[in-house]
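Breakdown of the fold
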Amino acid sequence: MTETEILDIFRKHSALLEGHFILSSGLHSDRYVQCALVLQDPRVAAQLCSQLAERLSYLKPAVVAAPALGGVLVAHEVARALGVRALFTERQDGAMTLRRGFTLEPGTPTLVVEDVITTGLSTRETIECIDEAGGKVVGAGSLIDRSGGTADLGLPKASLITLKIQNYNPADCPLCKEGFPVVKPGSRTKK
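Not measured: the values here are computed from a predicted model.

A regular strand places its side chains on the two faces of the sheet in alternate fashion. The pairing of strand S1 (residues 16-22) with strand S2 (residues 28-33) spans 5 bridges and is antiparallel. The residue bridging Leu 16 from the neighbouring strand is Val 33, located in S2. Two successive antiparallel strands, S1 and S2, enclose a turn made up of 5 residues, where Gly 26 displays a positive phi of approximately 95°. For S2 and strand S9 (residues 167-168), the ladder comprises 2 bridges, and the chain directions are antiparallel. Residue pairing in the sheet places Ser 29 in a bridge with Asn 167 of S9.

Our focus in this paragraph is the environment of Lys 164. Considering the arrangement of structural elements, one finds Lys 164 in the loop between strand S8 (157-162) and S9. For Lys 164, a relative accessible area of 60% gives the class exposed. Separated by 154 residues in the primary sequence, Lys 164 and Phe 10 have C-alpha atoms spaced 16 Å apart. Filtering out sequence-adjacent residues up to four positions away, Lys 164 remains in contact with Arg 31, Arg 146, Ser 147 and Gly 148.

Turning our eyes to something else, we now look at helix H1 (residues 3-12). All of the buried residues along H1 are Ile 6, Leu 7, Ile 9 and Phe 10. Buried residues of H1 fall within an arc of 150° about the axis and therefore sit on the same side. The outward face of H1, more than 90 degrees from its buried face, is lined by the exposed residues Thr 4 and Lys 12. Each element contacted by the buried residues of H1 is listed here: S1, S2, helix H2 (35-39), helix H3 (42-56), strand S7 (136-145) and S8. Count one or two residues on from H1 and you reach Ser 14, which has phi positive near 55°.

Attention shifts here to the side chain of Ser 142. Within the secondary structure, Ser 142 is located in strand S7. Take Ser 142: its relative accessible area is 0%, and that puts it in the buried class. A distance of 3.1 Å separates the side chain of Ser 142 from the backbone oxygen of Ile 144, its partner in a polar contact. A polar atom in the side chain of Ser 142 sits 2.7 Å from the side chain of Ser 159. With residues near it in sequence (within four places) discarded, Ser 142 still touches Leu 52, Glu 114, Asp 115, Ile 117, Ala 158, Ser 159 and Leu 160.

Attention now goes to the nonpolar core. Counting residues in hydrophobic clusters, the biggest one holds 34 residues, and the most contacted among them are Phe 10, Leu 48, Leu 143 and Ile 144. Of all the secondary-structure elements, those providing two or more residues to this core are H1, H2, H3, strand S3 (63-67), helix H4 (72-82), strand S6 (109-117), S7 and S8. When neighbours within four sequence positions are excluded, Phe 10 is seen to be in contact with Ala 15, Leu 16, Val 33, Cys 35, Val 38, Leu 48 and Ile 144. By size, the runner-up hydrophobic cluster in this structure holds 11 residues, among which are Met 96, Ile 127, Cys 129 and Val 137.

This part covers the sheet that holds S7. What the 6 strands build is an open sheet, ordered S5-S4-S3-S6-S7-S8; its pairing is mixed. The sheet terminates laterally at strand S5 (95-98) and S8, the two strands that pair on one side only. When strand polarity is set aside, the average angle formed by the axes of neighbouring strands in this sheet is 25°. As paired elements, S7 and S8 share 5 bridges and run parallel to each other. Bridge pairing links Ile 144 to Ile 161 in S8. The strands touched by H1 within the sheet are S7 and S8, with S8 carrying the most contacts at an inclination of about 65°.

Rules behind the numbers
- Residues numbered from 1 in each chain as written.
- Predicted model: local features only at pLDDT ≥ 70, side-chain atom pairs only at ≥ 80, totals over all residues.
- Heavy atoms only, no water.
- Pairing = 2+ DSSP bridges.
- Helix = DSSP H or I, 4+ residues; strand = E, 2+ residues; numbered from the N terminus.
- Buried < 20%, exposed > 50% of the residue type's maximum accessible area, 1.4 Å probe, protein only.
- Contact = heavy atoms within 4.5 Å.
- Arc of directions from axis to C-beta.
- Polar contact = N/O pair within 3.5 Å; in protein donor to acceptor, adjacent residues only side chain to side chain.
- Core = buried A, V, L, I, M, F, W, Y, C linked by side-chain atoms within 4.5 Å.
- Axes fitted to C-alpha atoms, helices over the stretch in contact; angles between N-to-C directions.

Okay, structure coming up:
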């Protein structure tokens with residue numbers, strides 16, 4: 001699939017939103033990518049995540065991991081396409097951790113995936129969690145990279161689409177200054 005075809009899928013599912021949003025990073029933006037609206041269709045989720053798996057298969061992961069909540073379905077579908085195990089990290093007392101009995105053998109080659117990367121914070125936290133659990137993170141991926149490719153993860157990475165969407169520090173947000181109502185659609189907000 002081309003980037004245009006993938007963007008058309010997101011538009012068809014009303015997953016590219018315009019307005020005034022607080023992103024999971026705490027930054028503000030005039031556009032928001034709501035991957036959950038695309039991933040609610042299992043056939044579309046499988047199609048998109050298979051494309052992502054193809055782009056990262058050369059890394060030969062044995063496990064695919066993602067931060068909860070947004071990356072859980074992505075990890076599951078990428079892992080299915082690669083024929084490997086999927087797991088996810090969760091925040092506990094403010095830190096990413098493996099729970100629910102998830103474990104990794106020392107040195108397990110692990111791919112970390114997300115729905116959307118903005119600053120890369122959740123991905124980096126998940127990478128750190130996997131490293132601490134003994135895994136060896138070999139790369140990262142996302143359906144959408146809204147950083148314009150600038151989020152540095154220090155690893156090989158791939159995204160289906162790379163967008164450059166303006167983000168604003170809340171103190172400098174022109175949308176706040178103009179009085180536009182703000183919405184927090186993500187699963188995590190930074191205070």
